[in-house]
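Close look at the chain arrangement
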Amino acid sequence: KAGVTQTPRYLIKTRGQQVTLSCSPISGHRSVSWYQQTPGQGLQFLFEYFSETQRNKGNFPGRFSGRQFSNSRSEMNVSTLELGDSALYLCASSLVIGGDTEAFFGQGTRLTVV
Amino acid sequence: GNSVTQMEGPVTLSEEAFLTINCTYTATGYPSLFWYVQYPGEGLQLLLKATKADDKGSNKGFEATYRKETTSFHLEKGSVQVSDSAVYFCALRNTDKLIFGTGTRLQVFP
């Protein structure tokens, strides 16, 4: 079956702009999580959605937001981009939330802010 | 709070050498523990997992045992290959999100 698909793979944006990233989970998976990966901070949790509801949120400013649609696809939006937002953004999908549930990751979207 | 500490890399080994990457954790309750691997330009792939004390996860020759008494989940492989070169992440999940260590880069030379 198809894996987690993230689009686009690469993005270059200018400071102050906004960006929307997309994640299509594995068919049947209802949970989608987002992570930011940078060399300095490693993997940081952004938020998790399940059945169109945000269930958990990490310590990121309000410029970072997301949503999930009825088909479980998810988008995350970053407004007023800053240079420090340059990172690899990873999406993970799971059948359910928590416990020993396996999370399947996409290849990520590499965002560069100039 | 919950946290994961991994040994710093890079770990540099010759092919067929023995590998150990140390991982310790701090958590309330009884978390599930995971090892993920990230190859260059790729996302993370689950390598193995363990859900309770004394469980041993294994996959592709890699093993890790959930040690509650030492709060550890060290990754081991008896004989590494060049194709094992990647970044390895230890992670835990309690009730919700995955919490990752900083990652350990493994470089295997022929």
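Residues numbered from 1 in each chain as written. Chains lettered and ligands numbered in written order. Predicted model: local features only at pLDDT ≥ 70, side-chain atom pairs only at ≥ 80, totals over all residues. Heavy atoms only, no water.

**Considerations on the sheet that holds strand 3 (residues 19–24) of chain A**
Residue and element names in this part refer to chain A.
- Read across the open sheet, the 4 strands follow the order 1-3-8-7; overall the sheet is antiparallel. With partners counted over all chains shown, the strands left at the sheet margins are strand 1 (5–7) and strand 7 (64–68), one partner each. Ignoring which end each strand starts from, the neighbouring axes of this sheet average 15° apart.
- When strand 3 meets strand 8 (residues 74–78), the two strands line up antiparallel, connected through 5 bridges. By the bridge assignment for strand 8, Cys 23 is matched with Ser 74. (Pairing = 2+ DSSP bridges. Helix = DSSP H or I, 4+ residues; strand = E, 2+ residues; numbered from the N terminus. Axes fitted to C-alpha atoms, helices over the stretch in contact; angles between N-to-C directions.)

**Some thoughts on the layout of surface pockets**
- Its volume calculated, the largest pocket comes out at about 630 Å³.
- Surrounding the largest pocket, 30 residues form its lining, Gln 37 of chain A together with Gln 38, Val 87, Phe 89 and Arg 105 of chain B being those nearest its centre.
- At the level of elements, strand 4 (31–38) and strand 11 (109–113) of chain A together with strand 10 (86–93) and strand 12 (104–109) of chain B are the ones that each hand at least two residues to the lining of the largest pocket.
- Per element, the largest residue contribution to the lining of the largest pocket is 4 residues, and it comes from strand 12 of chain B.
- Here the residues of the lining of the largest pocket sort into 10 nonpolar, 15 polar and 5 charged.
- Lining the second largest pocket we find 16 residues, and of these Leu 43, Gln 44 and Phe 45 of chain A together with Lys 97 and Ile 99 of chain B sit closest to its centre.
- Sorting the residues of the lining of the second largest pocket by element identifies strand 5 (42–50) of chain A together with strand 11 (98–100) of chain B as the ones contributing at least two each. (1 Å grid on protein atoms, 1.4 Å probe; cavity = no way out; pocket = protein on both sides within 12 Å on 5 of 7 lines; lining within 4 Å. Points joined across faces, edges and corners; volume = space filled by probe spheres on them. Nonpolar A, V, L, I, M, F, W, Y, C, P; charged D, E, K, R; others polar.)

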